[in-house]
Amino acid sequence: MPLGHGVTVAFGSVWVTGAAKDQLYRIDAATNELVATINLGAGPVFITAGFGSIWVVELRDGVVQRIDPETNAVIATIATGGHRGGDIIAGGGYVWASYYDGLPLVQINPKTNQSQIYAGTGFGDGLASGAGSIWISGRTIARISPPTWR
């Protein structure tokens with residue numbers, strides 16, 4: 001098995017990011033066999049599943065890659081402006097990426113693949129979705145009611 005970093009389970013597979021080789025690995029959950037290796041950009045680490053896709057934050061190039069699990073192909077590269085990502089989740093109707101390099105939180109519209117900065121949260125690290133809110137931890141804990149797309 002490849003050396004991994006982030007992991008999520010979705011679409012009958014285990015998806016593992018491999019920042020050392022800038023790749024995403026798809027492992028069949030039933031057989032433990034590596035079924036796909038997907039080349040990504042610089043430093044893919046944080047990963048989530050949602051809205052029919054796999055989403056990966058890349059640490060060194062300020063993008064989120066959206067992967068189609070039907071084709072194992074990158075279908076969108078979404079600029080976020082952040083580096084040194086902290087986490088990524090799907091919740092509240094959007095995909096959210098946090099960063100701990102001064103960019104607080106990025107909201108991605110899964111219908112359009114457009115991103116925008118959601119200000120006012122401080123440095124971000126961990127993310128969670130629950131209790132009708134998005135939660136971000138870092139220097140402080142912030143509770144954000146999922147806004148409509150602005």
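Conventions used here
Residues numbered from 1 in each chain as written. Predicted model: local features only at pLDDT ≥ 70, side-chain atom pairs only at ≥ 80, totals over all residues. Heavy atoms only, no water. Helix = DSSP H or I, 4+ residues; strand = E, 2+ residues; numbered from the N terminus. Buried < 20%, exposed > 50% of the residue type's maximum accessible area, 1.4 Å probe, protein only. Contact = heavy atoms within 4.5 Å. Areas by Shrake-Rupley, 256 points an atom, 1.4 Å probe, with all protein chains shown as cover. pLDDT = per-residue confidence, 0-100. Salt bridge = Lys/Arg side-chain N within 4 Å of Asp/Glu carboxyl O. Phe/Tyr/Trp six-rings, centres within 6.5 Å; stacked < 30°, edge-to-face > 60°. Pairing = 2+ DSSP bridges. Axes fitted to C-alpha atoms, helices over the stretch in contact; angles between N-to-C directions.

### Side note on the overall build of the protein
Next up, step 1: On a plain count of helices and strands, the protein comes out with 0 helices and 15 strands.
Next up, step 2: Every one of the 150 residues in the protein was classed for burial, and the buried ones make up 49%.
Next up, step 3: Considering only residue pairs separated by 6 or more positions, the protein has 36% of its internal contacts joining residues 24 or more positions apart.
Next up, step 4: Element-wise, carbon and sulfur atoms account for 52% of the exposed surface of the protein, whose accessible area totals about 6,800 Å².

### Overview of the confidence of the model for the protein
Next up, step 1: Looking at the protein as a whole, its pLDDT mean stands at 87, while 87% of the residues score no less than 70.
Next up, step 2: The lowest-confidence element of the protein is strand β15 (residues 141–144), averaging 81 in pLDDT; the highest-confidence one is strand β1 (residues 7–10), averaging 97.

### Things to note about the pattern of salt bridges
Next up, step 1: The final tally for this structure, using the stated rule, is 1 salt bridge.
Next up, step 2: A salt bridge links Arg-60 to Asp-22, with the shortest nitrogen-to-oxygen separation between them at 3.3 Å. One end of the pair, Arg-60, is in the loop between β6 (53–58) and β7 (63–68); the other, Asp-22, is in the loop between β2 (13–18) and β3 (23–28), and 38 residues separate them in sequence.
Next up, step 3: Relative accessible area serves as the criterion here: at 22%, Asp-22 is assigned to the partly exposed category.

### Quick word on the packing of aromatic side chains
Next up, step 1: Taken as a whole and judged by the stated rule, the model has 1 aromatic pair.
Next up, step 2: Seen in terms of ring centroids, Tyr-94 and Trp-96 are 6.1 Å apart; in terms of plane orientation they differ by 80°. Their pairing is edge-to-face.
Next up, step 3: Tyr-94 gets classed as buried once you look at its relative accessible area, which sits at 10%.
Next up, step 4: The buried category is assigned to Trp-96, whose relative accessible area is 0%.

### Re the sheet that holds strand β13 (residues 124–130)
Next up, step 1: Taken in spatial order, the 3 strands line up as β13-β14-β15 in an open sheet, and their pairing is antiparallel. Lying at the two open borders of the sheet, with one neighbouring strand each, are β13 and β15. Sheet twist, expressed as the mean angle between neighbouring strand axes with direction ignored, is 20°.

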